[in-house]
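Chain and residue survey
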Amino acid sequence: MNSIKAFAPATVANVACGFDIFGFAIEEPGDVVELRRRDEPGIVITNITGDEGRLPRNPEKNSVTGVMLHLLKHLDIKDFGYEVILHKNMPLGSGMGSSAASAVAGVVAMNELLGNPLTRQELLPFAMEGERIASGSAHADNVGPSLLGGFVVIRSYHPLDIFTIPVPDDLYCTLVHPDIEINTKDARYILRNEVSLKNTIAQMGNVAGLVAGLMKADYDLISRSMVDVIIEPVRSILIPEFKEVKTAAISNGALGCSISGSGPSMFALSRGRDNAIAAGQAMQARFAEAGIDSALHISGINKGGAKILEH
Ligand SMILES: Nc1ncnc2c1ncn2[C@@H]1O[C@H](COP(=O)(O)OP(=O)(O)O)[C@@H](O)[C@H]1O
Ligand SMILES: N[C@@H](CCOP(=O)(O)O)C(=O)O
């Protein structure tokens, strides 16, 4: 086998109350990586489509190849060289796990080309290094679900303890990306380091409620638990019309609505596809009233995560 094509989906991280510990993947969009062996040693990025020339071509600085370098070093593989083409199918600084999708597609493609020496779970720390390259923080709430699929919970980072929980089949995600850019690095920098006991108690209740609501398919509990008293109040000031868009989603049938990842995308969860579409159209209309273009994605929860497209 000398060439591989892999796909890794966009993700919604945090899911309201679960900063750095909750995330799920959606079906589309996702990044696609083509990886080929070549005779000369080293990794080269030969082409990137869809980035308008903005992403680093230096393999150490791009999340798609940075993770491959970590994996090759770990496996002590020096015999071959590799060329990489990245099809960037989502905007940068989107809150849709853009850097993570590239990292996951990269690490999954390289592992497949090498005959799958590592399991998906074992690839996770390598994919997390892609997030360190992109934002300076190796969080797992985008790469985890993009790699594994499903609704992911990160119980602990040290040691890494990550698992997926079942979600109701009729749960749909609305993801609206307004035409604005926010870098995760900046959106992390503005967060406070101290959290009050009152807010910690409220957040813990919602985290427990959301996990239980998803596992029991209790839509009212899911709805009551999609509340973030710690991160959303700080970050929402970066998103124009945040309050109005959130209200539009909830008053048009969504169970809840919050920031996707570090923004500017906003997501909502709904019972049934029709409610997800109605919420999305209302969210877009509210952004449009403020003169902001947006893109809408409606999806169930992607249970499979990254996949190989071609050998
Ligand atoms: N393959 C990649 N895809 C997207 N962003 C990348 C990639 N490689 C490096 N980056 C850098 O990561 C940053 C975007 O990532 P991030 O701020 O986490 O946004 P997002 O929320 O869309 O993942 C940009 O500075 C970008 O240059
Ligand atoms: N938990 C992270 C998630 C960042 O997601 P992204 O899609 O904006 O990269 C954070 O909130 O900083």
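Residues numbered from 1 in each chain as written. Chains lettered and ligands numbered in written order. Predicted model: local features only at pLDDT ≥ 70, side-chain atom pairs only at ≥ 80, totals over all residues. Heavy atoms only, no water.

By the naming in an unreviewed UniProt entry, the protein chain goes by Homoserine kinase and is assigned to Dyadobacter sandarakinus. Reading the Function (unreviewed entry) entry of the UniProt record for the protein chain gives the comment "Catalyzes the ATP-dependent phosphorylation of L-homoserine to L-homoserine phosphate." Under the Subcellular location (unreviewed entry) heading, UniProt states for the protein chain: "Cytoplasm". (UniProt positions renumbered as here; feature names shortened; annotations may be inferred.)

A tally of helices and strands in the protein chain yields 10 helices and 11 strands. Taking 311 residues into account, the globule formula puts the C-alpha radius of gyration at 19 Å, and the protein chain, at 19 Å, falls close to it. Seen through its principal axes, the protein chain has C-alpha atoms that stretch 60 × 40 × 35 Å. When each of the 311 residues of the protein chain is scored for burial, the buried share is 55%. By element, 50% of the accessible surface of the protein chain is carried by carbon and sulfur atoms, the whole surface being about 13,200 Å². (Helix = DSSP H or I, 4+ residues; strand = E, 2+ residues; numbered from the N terminus. Rg over C-alpha atoms; globule rule 2.2 N^0.38 Å. Buried < 20%, exposed > 50% of the residue type's maximum accessible area, 1.4 Å probe, protein only. Areas by Shrake-Rupley, 256 points an atom, 1.4 Å probe, with all protein chains shown as cover.)

This part takes up the side chain of Thr-65. On the secondary structure map, Thr-65 appears in helix α1 (residues 63–75). Take Thr-65: its relative accessible area is 0%, and that puts it in the buried class. Ignoring sequence-local partners within four residues, the contact set of Thr-65 consists of Ile-43, Ile-45, Pro-59 and Val-84. (Contact = heavy atoms within 4.5 Å.)

Let us now look at the layout of surface pockets. Roughly 620 Å³ of volume is contained in the largest pocket. Lining of the largest pocket is provided by 39 residues; of these, Gly-93, Ser-99, Ala-134, Asn-183 and Thr-184 occupy positions nearest its centre. Counting residues domain by domain, the lining of the largest pocket receives three or more from each of domain 1 (3–165 + 302–310) and domain 2 (171–300). Its volume calculated, the second largest pocket comes out at about 440 Å³. Along the walls of the second largest pocket sit 20 residues, with Phe-19, Arg-192, Val-195, Ile-230 and Ile-231 positioned nearest its centre. Mapped by element, the contributors of at least two residues to the lining of the second largest pocket are α5 (184–189), α6 (197–216) and α8 (232–235). It is α6 that contributes the most residues to the lining of the second largest pocket, 3 residues altogether. Here the residues of the lining of the second largest pocket are counted per class, giving 11 nonpolar, 6 polar and 3 charged. Each of domain 1 (3–165 + 302–310) and domain 2 (171–300) accounts for three or more of the residues forming the lining of the second largest pocket. (1 Å grid on protein atoms, 1.4 Å probe; cavity = no way out; pocket = protein on both sides within 12 Å on 5 of 7 lines; lining within 4 Å. Points joined across faces, edges and corners; volume = space filled by probe spheres on them. Domains from an automatic or database assignment. Nonpolar A, V, L, I, M, F, W, Y, C, P; charged D, E, K, R; others polar.)

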